[in-house]
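Commentary on secondary and tertiary structure
Here are the chains, one letter per residue:
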Amino acid sequence: MITTPPPEQTPDSQPGHALWYALRSKPNKEAMLERELISRDIEVYFPRLRVNPVNPRSRKWVPYFPGYLFVKVDLAATGINSLNRVPNANRLVMFGDYIPSVSEALLRRIDAKLAAIAEAGGQSFFDIQPGETVEISHGVFAGYEGIFEERLKGDERVRVLLKMLSDRYVPVEVDAGWVTKREKKR
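Residues numbered from 1 in each chain as written. Predicted model: local features only at pLDDT ≥ 70, side-chain atom pairs only at ≥ 80, totals over all residues. Heavy atoms only, no water.

Reading across from one edge, β2-β5-β1-β6 is the order of the four strands in this open sheet, with antiparallel pairing throughout. Two strands in the sheet have a free side with no partner beyond their single neighbour: β2 (43-45) and β6 (89-92). Within this sheet the neighbouring strands show an average axis-to-axis angle of 35°, counted without direction. For strand β1 (residues 19-25) and β6, the ladder comprises three bridges, and the chain directions are antiparallel. Bridge pairing in β6 places R24 opposite R91. (Pairing = 2+ DSSP bridges. Helix = DSSP H or I, 4+ residues; strand = E, 2+ residues; numbered from the N terminus. Axes fitted to C-alpha atoms, helices over the stretch in contact; angles between N-to-C directions.)

Next comes the structure, spelled out in structure tokens:
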């Protein structure tokens, strides 16, 4: 059985101790919530990922964690309800009465990962075209070969046709990062 200390016993709730917390936003309202929090002088970290959309009018930056921002606050001074009542905020991430903090080291690693992706030209899954042979590298279908069919909305998932028993192709949806292009055999 996992138990967590009550909120009054955690270092997170000690006065004068500002820590990072995950704050859930309303759907597609992360940027508006970020602006609102900044206007209230709350330190915010909103990790975004540069993408290379097919449509030039599409967004060039998307949330790395859709629906979430990180805020640095002293919960004892600010109060939970004041954060939960900010327009476009849903609520702080909580487990029962326990509100976990997010380490600064983790946020630095996220920032480094985003910098590496940006240095590589942004996230792009457009080098795989429909009909090309791909291999799934993670999940229950790891090691399977299939035919790339299409990117699904948001570029986070793709549909791959897997060849199953009796030479039948079955469509499966997997994370886009789990699919790699297979080199053509000579």
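Picking up where we left off.
What tends to happen in soluble globular proteins is that the nonpolar side chains get buried as a cluster. Formed by 17 residues in total, the largest nonpolar core has its most connected members in Y21, L37, V71, L83 and L92. Elements with a minimum of two residues in this core: β1, α1 (30-39), β5 (68-73) and β6. With sequence-adjacent residues up to four places away left out, L37 is seen in contact with L23, I42, V44, L69, V71, L83 and V86. (Core = buried A, V, L, I, M, F, W, Y, C linked by side-chain atoms within 4.5 Å. Buried < 20%, exposed > 50% of the residue type's maximum accessible area, 1.4 Å probe, protein only. Contact = heavy atoms within 4.5 Å.)

A few words now on the pairing of strand β9 (residues 157-163). Only one face of β9 is buried: it carries V158, V160 and L162, and the other face, with R157, R159, L161 and K163, is open. In this sheet, β9 lies alongside strand β8 (residues 145-151) in antiparallel orientation, the contact comprising five bridges. Bridge assignment links R151 to a residue of β9, and that residue is V158. Across seven bridges, the pairing between β9 and strand β10 (residues 169-175) is antiparallel. Bridge assignment links R159 to a residue of β10, and that residue is E173. Adjacent in sequence and paired antiparallel, β9 and β10 are bridged by five residues, among which S166 carries a positive phi angle near 60°.

This paragraph deals with unusual backbone geometry. Even without glycine at this site, D41 takes up a positive phi of about 60°. By relative accessible area, which is 74% here, D41 ends up exposed. Although it is not a glycine, N88 adopts a positive phi angle of roughly 75°. By secondary structure assignment, the location of N88 is in the loop between α3 (80-84) and β6.

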